[in-house]
Amino acid sequence: MPPKKGPKEPEVNVPEGDASAGRDIFDANCSACHAIEGDSTAAPVLGGIVGRKAGAEKFAYSKSMKNSGIVWTDKHLFAFLKNPSKHVSGTKMAFAGLPADKDRADLIAYLKSV
Ligand code: HEC
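Heads up: these notes are all about the structure in this document. Since the structure is predicted, the reported quantities are computational estimates derived from the model, not experimental observations.

What counts as what
Residues numbered from 1 in each chain as written. Predicted model: local features only at pLDDT ≥ 70, side-chain atom pairs only at ≥ 80, totals over all residues. Helix = DSSP H or I, 4+ residues; strand = E, 2+ residues; numbered from the N terminus. Rg over C-alpha atoms; globule rule 2.2 N^0.38 Å. Buried ≥ 20, exposed ≤ 12 C-beta atoms within 10 Å, placed from the backbone. Contact = placed C-beta atoms within 7 Å. Near = placed C-beta within 6 Å. Nonpolar A, V, L, I, M, F, W, Y, C, P; charged D, E, K, R; others polar. Core = buried A, V, L, I, M, F, W, Y, C linked by C-beta atoms within 7 Å.

Looking only at helices and strands, the protein has 5 helices and 0 strands in total. Relative to the globule expectation of 13 Å for 114 residues, the C-alpha radius of gyration of the protein, 13 Å, shows essentially globular dimensions. C-alpha extents for the protein along the principal axes are approximately 30 × 30 × 25 Å. Counting all 114 residues of the protein, 25% fall into the buried class.

Shown next as C-alpha cells:
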C-alpha cells in the first residue's frame with residue numbers, strides 16, 4: 001500500500017536482485033547489528049521490513065527514523081542503504097552504506113524473502 005503521506009519515493013531504478021547472494025551480503029554487512037527475527041535490542045528486526053513503516057519495531061529509534069514517514073519500498077531501501085544518513089538525516093544507524101548497486105539490489109531481494 002502506498003503511504004498516505006511521507007516523503008516521495010526516490011527516483012531510482014532498482015535492478016533485479018539475487019536473494020541468495022543478498023543473504024551473504026546481509027551476513028557480512030548487517031547481521032552484526034540486525035536479526036531477521038527475534039530480538040531488536042541492538043537494531044530493529046528486519047524480517048518483513050519490505051512494505052513496513054519505518055520505526056515500527058519495539059526499538060529505541062532516533063526521532064529522525066521514527067518521524068521519517070517512510071514506508072520501506074524497494075526504492076527507499078535502495079537509497080537508504082547507499083547512504084543511510086543522507087536518506088534519513090539524523091539516523092542512529094552507524095553504517096556508511098553499500099556503494100555497489102548490485103549489492104543493494106541483491107540485499108533487497110533477500111529482504112523481500114524474509
Ligand atoms: C552498526 C549497526 C548497524 C549495521 C551494521 C546496520 N544497521 Fe540498520 N539499523 C541500525 C540501527 C541502530 C537502526 C535504527 C536507526 C534509527 O533509529 O535511526 C537501523 C535501522 C535500519 C532500518 C530501518 C528499520 C525500521 O524498522 O524502520 C533498515 C531497513 C536497516 N537498518 C537495514 C540495514 C541493512 C540492510 C544493513 C546492512 C547493509 C544494516 N541496516 C546495517 C543499526 C545497524
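A few words now on the environment of Leu 111. If you trace the backbone, Leu 111 turns up in helix α5 (residues 101-112). The spatial distance from the C-alpha of Leu 111 to the C-alpha of Ser 68 is 20 Å, given a sequence separation of 43 residues. Setting aside residues up to four positions removed in sequence, Leu 111 forms contacts with Leu 46, Ile 49 and Val 50.

Turning our attention to the site of the ligand. Surveying the vicinity of the ligand reveals 26 residues, the closest of which are Cys 30, Cys 33, Tyr 61, Ser 62 and Met 65. Residue composition of the shell around the ligand, grouped by class: 18 nonpolar, 6 polar and 2 charged.

If you look at the biggest cluster of nonpolar residues, it comprises 15 residues, and the most contacted ones within it are Leu 77, Phe 78, Phe 80, Leu 81, Leu 107, Ile 108 and Leu 111. Elements that contribute at least two residues to this core include exactly α3 (74-82) and α5. The element best represented in this core is α5, accounting for 6 residues. Among residues more than four places away in sequence, those in contact with Leu 77 are Trp 72 and Ile 108.

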